[in-house]
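Listed below, chain by chain, are the residues.
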Amino acid sequence: MAHLNEENLERARRLVAVYPEPRSALIPLCHLAQAQDGWLTPEAMEDVATLVGVTPAEVHGTATFYDMLHTEPVGRHVIAVCTNIACMLAGAYELLDHAEEHLGVSAGQTTSDGEFTIEEAECLAGCDAAPCVQVNHRFVGALDAASFDQLIEDLRSGMRAGEIPRHGILCRVERSVGLLAPGPTDGAGQHGAPAAEGTAP
Amino acid sequence: MITDVAPIVTSRMGYDDSHTLERYLATGGYEGLRRAIALGAVAVREEVDKASLLGRGGAGFPAGRKWSMLRQADTSYLVVNGDESEPATFKDHLLVERDPHQVIEGAIIAAFALGVSQAFVFCRGEFALGLERLQQACNDAYAHGALGSRIFGSEFSLDLVVHPGAGAYICGEETALLESLEGKRGFPRIKPPYFPAAIGLYGAPTVVNNIETVSNLPWIVLHGGDRFAALGQGSSTGTRLFALSGRVERPGWYELEMSKTTFRDLVYDPSLGGGIRDGGELKAFIPGGVSAPWFGPDQIDLGLDQDAVGRAGSMLGSGSVVVMDHTTCAVRAAWRITRFFARESCGQCTPCREGSGWIEKIMRRIEEGNGREADLDLLMDACDNIAPGVSWPPQQTTICVLGPSIPSSVASGVRMFRDEFLLHVKEGACPMRAAR
């Protein structure tokens, strides 16, 4: 847990290259750093800053605007329970109460073994399966108390690891397509070779 | 009336592998793009004008007119807005996860019509699976020759980047979305300029279209704008994807012909909402996302029509309908919606930042039984400070429309259910608690 490792630095450089302006890669790089460590470490924010050409403070200032970017450690499984209107009408607060009691922590907190963080989420666009729950941003369907407990058991035993990977967004699909060489603005072309075209993984 | 019009944007939802290139090609995929290239950009723009396609993101602005405002410049961009976060809206989630190639093809057709060579699909970060499928579709489209240099052997070249958001409602506002895409905090930009078509991404002219809007383009190009415009009536043409949630038996997405179908059909028809859950009674419904003022049962026979809903004092907005029944506490419902706005206000403008927080606090104390009778007037006064007159459409005192959206639910609650608010004060508790 610290700086981006070599493999991720290489991925990060490729990501910067798909955008006309390097700074546009700031948020995707934060997602990449979270895929590595689960949260945005100060060292990773320094790396992101260097890669996109801003100060670490600018990365931190930007990251703290966004709900998905964590500048503090979180559990291996971040469980987001939506309590917005559609889910509330389907018993979301009752489910959240149960989740807090079952795991012994309040929303916003992490269990002492580092396994689970509970978040009270805003609408996750899963209102047809309410109350809607995500684990590491994967939809796990409408849950009640019993199916929540089963979910926790399955997550502990690792039996849903394939379907619910670790943190990070867009890390399981190759992202090397994007910008034609040379880029249309001054910012492009300065950051290494342009991305190859037509390279499906 | 529920018409038997064939679906336009949900035609592949019956297939388990609807997200794959193989299925897409087997079901007419990328034929729209081939036809667009054969027709030429001018003809494609004419078809979209003829279709009278209204933007499906929430504001309902005609897509063709938005395109026509694009300032001529050496560099311009197309950005597809898939940051869907309006509470109770889940249509874009469906489209990116289940038919990502249709989104990509629509974006390519839009870029071709506009003559831009760089496009972005900004997709909400919480859609992890949708993002993976969208990126895979993008990679496959390059390999298929539908993206990159000389698309399908033509002179047209386009690059497309799938961009993940990071969790902020405000980034659905198009200028905030562009700020976010530039790697910054999602602060909406000062207007004017009113449209990114003048000054957008990196200061270049930019068209921002919603995911559902561009998903209609392959069909429009293949079948013609006139056939699209023949569906629906008045300015509400084509079909639309409605998201139904709340206290109904069958919450879900339903693609319906615009205008012809009514809210009653949507909520009660056995093939759609299936009626109020557990045989309950309809109390109120939100016709188009939580930014919209509520309707009572007396407005259930209105058509799913942008103009009709507007004239009745609300909006069709993002096409999401939330149903409240007799067990729903109006105070609690309005409080939860206000809490959302208080959390999601970006903080730039005082009326929105402070107003949402204070309204949320007052609403909560009423719901918890600590309210005062004078709180009702205080709430309306706070609403008036955000959107003077608390009318519809609202007056704006802020940079973007998040602020003026705050009073919708509060004012609806106070005006439609004043007695229920007062009962909370009188009893010192929520009178609906037992019903839940």
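Our structure's up above, just so we're on the same page.
Since we're looking at a predicted model, the values are computed, not measured.

Colleague: Looking at this structure, how should I read empty space enclosed by the protein?
Modeller: The method is simple in principle: a probe with the dimensions of a water molecule rolls over the atoms, and the space it marks as empty is what remains. Residues and elements named next belong to chain A. The tally for this structure, following the rule as stated, stands at four cavities of 30 Å³ or more. Arg11, Leu15, Leu32, Leu170 and Arg175 are the residues nearest the centre of the largest cavity, which is lined by 13 residues in total. For the lining of the largest cavity, the elements supplying multiple residues, two or more each, are helix 1 (6-17) and helix 2 (26-37). Per-class residue counts for the lining of the largest cavity are eight nonpolar, one polar and four charged.

Colleague: Help me understand the sheet that holds strand 9 (residues 282-286) of chain B in this model?
Modeller: The strands that make up a sheet pair up through hydrogen bonds in the backbone, lying either parallel or antiparallel. Residue and element names in this part refer to chain B. The four strands lie next to each other as 8-7-10-9, forming an open sheet whose pairing is mixed. The outermost strands of the open sheet, each flanked by one partner alone, are strand 8 (252-257) and strand 9. Averaged over all pairs of adjacent strands, the angle between strand axes in this sheet comes to 30°, irrespective of strand direction. Of the strand pairs in this sheet, strand 7 (residues 239-246) and strand 8 are connected by six bridges, and their pairing is antiparallel.

Colleague: Please clarify how the layout of surface pockets should be interpreted in this entry.
Modeller: Of the voids in this model, the second largest pocket is the one considered here, and its volume is about 320 Å³. Around the second largest pocket, the lining is made up of 23 residues, and of these Asp67, Glu119, Ala121 and Glu122 of chain A together with Arg343 of chain B lie nearest the centre. Those elements that provide at least two residues to the lining of the second largest pocket are strand 2 (116-121) of chain A together with helix 14 (330-344) of chain B. It is strand 2 of chain A that provides the largest number of residues to the lining of the second largest pocket, a total of four residues.

Colleague: What exactly am I supposed to notice about the nonpolar core here?
Modeller: For soluble globular proteins, nonpolar side chains are generally found buried alongside one another. Counting 159 residues, the largest nonpolar core has Leu29 of chain A together with Leu78, Ile104 and Ile108 of chain B as the members making the most contacts within it. Considering each element in turn, this core owes the most residues, 10 residues, to helix 6 (residues 100-114) of chain B. Per-domain counts for this core show at least three residues from each of domain 1 (6-71 + 169-190) and domain 2 (77-157) of chain A. What Ile108 of chain B contacts, discounting residues up to four positions off in sequence, is Tyr30, Leu33, Ala146, Leu147, Ile151, Phe156 and Leu158 of chain B.

Scoring rules and cut-offs
Residues numbered from 1 in each chain as written. Chains lettered and ligands numbered in written order. Predicted model: local features only at pLDDT ≥ 70, side-chain atom pairs only at ≥ 80, totals over all residues. Heavy atoms only, no water. 1 Å grid on protein atoms, 1.4 Å probe; cavity = no way out; pocket = protein on both sides within 12 Å on 5 of 7 lines; lining within 4 Å. Points joined across faces, edges and corners; volume = space filled by probe spheres on them. Helix = DSSP H or I, 4+ residues; strand = E, 2+ residues; numbered from the N terminus. Nonpolar A, V, L, I, M, F, W, Y, C, P; charged D, E, K, R; others polar. Pairing = 2+ DSSP bridges. Axes fitted to C-alpha atoms, helices over the stretch in contact; angles between N-to-C directions. Core = buried A, V, L, I, M, F, W, Y, C linked by side-chain atoms within 4.5 Å. Buried < 20%, exposed > 50% of the residue type's maximum accessible area, 1.4 Å probe, protein only. Domains from an automatic or database assignment. Contact = heavy atoms within 4.5 Å.

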